[in-house]
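Report on the structure
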Amino acid sequence: MTLLNKALTIAGSDTSGGAGMEADLKTMEELGVYGMPALTCIVTMHPKTWEHSVYPLPLDLIEKQLVTAIEGVGINAMKTGMIGSPELVELVAQTIDKYALKNVVIDPVMVCKGCDLILAPAAAQAIKELLVPRCDIITPNTVEAAYLADLPEVKTVEQIKEAAERIIAAGAKNVVIKGGERLSDNAAIDIFYNGTDFVEMAVPKIYPSYNHGAGCTFSAAITAGLANNLTMEEAVKQAKAFVTAALKHGFAINHIVGCTNHTAYKKYGA
């Protein structure tokens, strides 16, 4: 009998199936990891406008899910996704401390694609104060990185490196900042920093960009890699290859949005 390593995602449910815990579990499965969700909210979309509605779950129910996964099954790695209140951030921080959790991946879901505004300022501040010092790696996009690093903007590779240094100084052990579509460069550039060395990962930008769920997929792939005992740099590079394949073979799910293809890495390779 093959025993799989196990990972936990603390994230919202995306009813469309493209992001959130759905993306996380698909990614973990593809990378040979047994994934478990602790749902924080349920997100639905209007079928004609795709306007999002968010329905948070009670804090005590989220805590019971955490106990089930951590005490009842056990985990080798964990990640966060949508944690939209300071109270929930505090619960996650307390859980990390209580169980001395390792391989903690924080995906600071503070903004949506196409938006440069911090959606839940109080939760974002709590993430900055409580989860940055507790994480093994944090995976912000450039807008989130600017917020975490107290910079007015992050729009160039040089600014990404400055933000990474500041985030490490704030307590994160490692950081990978996703340049994505916000950089003017023709390449999709992600930069990993471990406090000593910068590793730049660049691939040509992919069009059409069916990228719903790409950030969740990237952080989930890192989590799966760590659960499978890869080094941090190996896990990040595997995640870059995984999400690049998923974007190359992405597809439209309706007339509004298209999703990453979580089967592409195994099916077609990097």
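Let me begin by describing the structure that accompanies this report. (Residues numbered from 1 in each chain as written. Predicted model: local features only at pLDDT ≥ 70, side-chain atom pairs only at ≥ 80, totals over all residues. Heavy atoms only, no water.)

Core analysis: the biggest nonpolar cluster contains 51 residues, and L8, L131, I138 and I167 have the highest contact counts within it. With residues up to four places along the chain from it excluded, the contact list for L8 reads M28, M36, P37, A38, L66, A69, I70, I75, A77, M78 and K79. Membership of the second largest hydrophobic core comes to 25 residues, among which are M201, A227, A235 and F242. (Core = buried A, V, L, I, M, F, W, Y, C linked by side-chain atoms within 4.5 Å. Buried < 20%, exposed > 50% of the residue type's maximum accessible area, 1.4 Å probe, protein only. Contact = heavy atoms within 4.5 Å.)

In this structure, the second largest pocket encloses a volume near 160 Å³. Residue lining of the second largest pocket: 11 residues in total, with T142, V143, E153, V154 and K155 positioned closest to the centre. (1 Å grid on protein atoms, 1.4 Å probe; cavity = no way out; pocket = protein on both sides within 12 Å on 5 of 7 lines; lining within 4 Å. Points joined across faces, edges and corners; volume = space filled by probe spheres on them.)

Quick look at the packing of aromatic side chains now. In this structure the tally under the stated criterion is two aromatic pairs. Between the aromatic rings of Y193 and F198, the centroid separation amounts to 4.1 Å while the plane-to-plane angle is 15°, which identifies the pairing as stacked. Aromatic side chains F242 and Y265 sit 5.4 Å apart centroid to centroid with 45° between the ring planes, which places their arrangement in the tilted category. Here Y265 lies in helix α9 (residues 264-268) and F242 lies in helix α8 (residues 232-248), a separation of 23 residues in the sequence. Across the ring face of Y147, the terminal group of K128 is positioned such that the distance to the ring centre comes to 4.8 Å. (Phe/Tyr/Trp six-rings, centres within 6.5 Å; stacked < 30°, edge-to-face > 60°. Helix = DSSP H or I, 4+ residues; strand = E, 2+ residues; numbered from the N terminus. Lys NZ or Arg CZ within 6 Å of the ring centre and 35° of its normal.)

Together, L4, Y34 and V73 make up a nonpolar patch on the protein surface, roughly 270 Å² of accessible area in all. Structurally, V73 can be placed in helix α2 (residues 59-73). (Patch = residues over 30% accessible without salt bridge, like charges linked within 9 Å, V, L, I, M, F, W, Y side chains within 5 Å. Areas by Shrake-Rupley, 256 points an atom, 1.4 Å probe, with all protein chains shown as cover. Salt bridge = Lys/Arg side-chain N within 4 Å of Asp/Glu carboxyl O.)

This part takes up the packing of helix α1 (residues 20-30) against helix α7 (residues 214-227). Two numbers describe how α1 lies on α7: the axes approach to 8 Å, and their chain directions differ by 40°. Compared by their axis directions, α1 and α7 come out oblique. The way α1 lies across α7 gives a crossing that is right-handed. In this structure, α1 uses G20, A23, D24, T27 and M28 to contact α7, whose residues at the interface are C216, T217, A220, A221, T223 and A224. Split by residue class, the contact of α1 with α7 holds six nonpolar, four polar and one charged. (Axes fitted to C-alpha atoms, helices over the stretch in contact; angles between N-to-C directions. Parallel < 35°, antiparallel > 145°, perpendicular 65-115°, else oblique. Left-handed = near helix turned anticlockwise from the far one by under 90°. Nonpolar A, V, L, I, M, F, W, Y, C, P; charged D, E, K, R; others polar.)

Another aspect to go through is the pairing of strand β2 (residues 33-45). Of the strand pairs in this sheet, strand β1 (residues 5-14) and β2 are connected by nine bridges, and their pairing is parallel. Following the sheet pairing, D14 is matched in β2 by V43. Viewed along the sheet, the connection from β1 through α1 into β2 turns out right-handed. Note: β2 against strand β3 (residues 52-56), five bridges, orientation antiparallel. By the bridge assignment for β3, V43 is matched with V54. Hairpin geometry of β2 and β3 is characterised by an intervening segment of six residues between the two adjacent antiparallel strands and by a positive phi of about 65° at W50. (Pairing = 2+ DSSP bridges. Right-handed = clockwise from strand over helix to strand, strands pointing away.)

Once their charged atoms are close, side chains differing in charge can pair, the charge on each being opposite to the other. For the structure shown, the criterion picks out nine salt bridges. In this structure, the salt-bridge partner of D107 is K178, at a minimum N-O distance of 4.0 Å. On the criterion of sequence distance, the pair formed by D107 in the loop between β5 (104-106) and α4 (121-131) and K178 in strand β7 (residues 175-178) is long-range, its members being 71 residues apart. Take K178: its relative accessible area is 15%, and that puts it in the buried class.

It is worth spelling out unusual backbone geometry at this point. Going from Y207 to P208, the amide bond is cis rather than trans, its omega being -5°. Mapped onto the fold, P208 is located in the loop between β9 (198-204) and α7. The backbone phi angle of A100 is positive, close to 50°, even though this residue is not glycine. Structurally, the position occupied by A100 is in the loop between α3 (86-98) and β5.

Read these as layout, nothing more, since geometry by itself doesn't imply function.
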